[in-house]
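Chains, contacts and geometry: an overview
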Amino acid sequence: MVKLMLALDVMDKNKALTMVDEISKYIDAIKIGYPLVLSSGLDIVKEIKDKTNKEVICDFKVADIPSTNEKIAKLTLNYADGIICHGFVGRDSVEAIQKIAKQYEIKTHHKKKVIMVTEMSHPGAVEFMQPIADKLAEVAKILNVDGIVAPSTRPERLTKIKKIVGNIPIISPGIGAQGGELNAVLDILGEDDYIIVGRAIYKSENPKESAYKYSMLLKGHNG
Ligand code: O7E
């Protein structure tokens, strides 16, 4: 079954904690990015992990030289189950994060995922990212990363990128607020893949009901 990852981009710690209390039973994973960490501190990652016991992925879209990427990965993977990085900076930068992930896996006996962005979901991604996205997907395959990010806003590109990466799980944002059509995307994704939904849940009038609705649609589509 395609899984549901909540993009918890709220900028208030209490709101974030209340939100996950209410809806964590309807979601499979939680993505924490700069809006929440910069407003609440990195400790929020541990707090949410402890509270929900869900898969927690830090979306820091890491894009630096290998030695700086290593430092960011060390701080992040202490508590998070995974980290999202960019691939356009080159494979050595991604490998630096993979090295730290492996070390933490040995230390904690838990899987630590390294997820690489190929093509982003916003309109501007066609300018610079789309022309190199297939190549990035090929690199992701060679590096055998644990997941790649590809857009729900462009089903034809999602299809192409999925074909390139094969069995590497896809994590796909763009459903809801960005206009991506759930049914079109569910026809492409498989059981190891995720959709990311943010505003359509946390900004809706009733986040609990909205999360429940998405979880039912995913279940329904998968029979
Ligand atoms: O549009 P929303 O509110 O459903 O939120 C989508 C989330 O996915 C948000 O956190 C945004 O930063 C993220 N995202 C995209 O929207 N597009 C992308 O191409 C990539 C991401 C992302 O999360 O990258 C790492 C997975």
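One can find the structure itself at the top, above this paragraph.
These numbers come from a predicted model, not from an experiment. (Residues numbered from 1 in each chain as written. Predicted model: local features only at pLDDT ≥ 70, side-chain atom pairs only at ≥ 80, totals over all residues. Heavy atoms only, no water.)

**Here's the deal with the nonpolar core**
The biggest cluster of nonpolar side chains holds 62 residues, and the ones touching the most others in it are Leu8, Ile48, Ile148 and Ile195. In terms of residue count, the dominant contributor to this core is helix α7 (residues 130-143) (six residues). Counting 13 residues, the second-largest nonpolar core is a separate cluster that includes Ile115, Met129, Ile171 and Tyr194. (Core = buried A, V, L, I, M, F, W, Y, C linked by side-chain atoms within 4.5 Å. Buried < 20%, exposed > 50% of the residue type's maximum accessible area, 1.4 Å probe, protein only. Helix = DSSP H or I, 4+ residues; strand = E, 2+ residues; numbered from the N terminus.)

**Brief notes about the packing of helix α5 (residues 91-108) against α7**
When two helices pack together, their arrangement is captured by the angle between the axes and the distance separating the axes. Between α5 and α7, the shortest axis-to-axis distance is 11 Å and the interhelical angle comes to 35°. Crossing hand, α5 versus α7: right-handed. Contact residues: Arg91, Val94, Glu95 and Gln98 in α5; Val139, Ile142 and Leu143 in α7. Residue composition of the contact of α5 with α7, grouped by class: four nonpolar, one polar and two charged. (Axes fitted to C-alpha atoms, helices over the stretch in contact; angles between N-to-C directions. Left-handed = near helix turned anticlockwise from the far one by under 90°. Contact = heavy atoms within 4.5 Å. Nonpolar A, V, L, I, M, F, W, Y, C, P; charged D, E, K, R; others polar.)

**Structural notes on the site of the ligand**
Near the ligand, the surroundings consist of 16 residues, among which Asp9, Lys31, Ser121, Gln178 and Arg199 are the closest. Side-chain polar atom of arginine 199 to an oxygen atom of the ligand: 2.7 Å apart, as the coordinates give it. If the ligand stood free it would expose 540 Å²; the protein chains cover 90% of that surface. Counting only elements with at least two residues in the shell around the ligand, the list comes to β3 (55-62) and β8 (194-197). In terms of residue class, the shell around the ligand is built from eight nonpolar, three polar and five charged. (Near = heavy atom within 4 Å. Polar contact = N/O pair within 3.5 Å; in protein donor to acceptor, adjacent residues only side chain to side chain. Areas by Shrake-Rupley, 256 points an atom, 1.4 Å probe, with all protein chains shown as cover.)

**Side note on the pattern of salt bridges**
Pairing is possible between side chains of opposite charge, provided their charged atoms come close. On inspection of all chains with the given rule, the structure shows 16 salt bridges. Linking aspartate 59 and lysine 61 is a salt bridge whose minimum nitrogen-to-oxygen distance equals 2.8 Å. For aspartate 59, a relative accessible area of 7% gives the class buried. The partly exposed category is assigned to lysine 61, whose relative accessible area is 31%. The partner of lysine 99 in a salt bridge is glutamate 70, and the shortest N-O contact between them spans 2.8 Å. With lysine 99 in helix α5 and glutamate 70 in helix α4 (residues 66-77), this residue pair connects regions lying 29 residues apart in the sequence. It is possible to trace a salt-bridge network through shared partners that takes in Glu119, Asp134, Arg154, Arg157 and Lys160. (Salt bridge = Lys/Arg side-chain N within 4 Å of Asp/Glu carboxyl O.)

Note that all results are geometric; they support no functional claim without further evidence.
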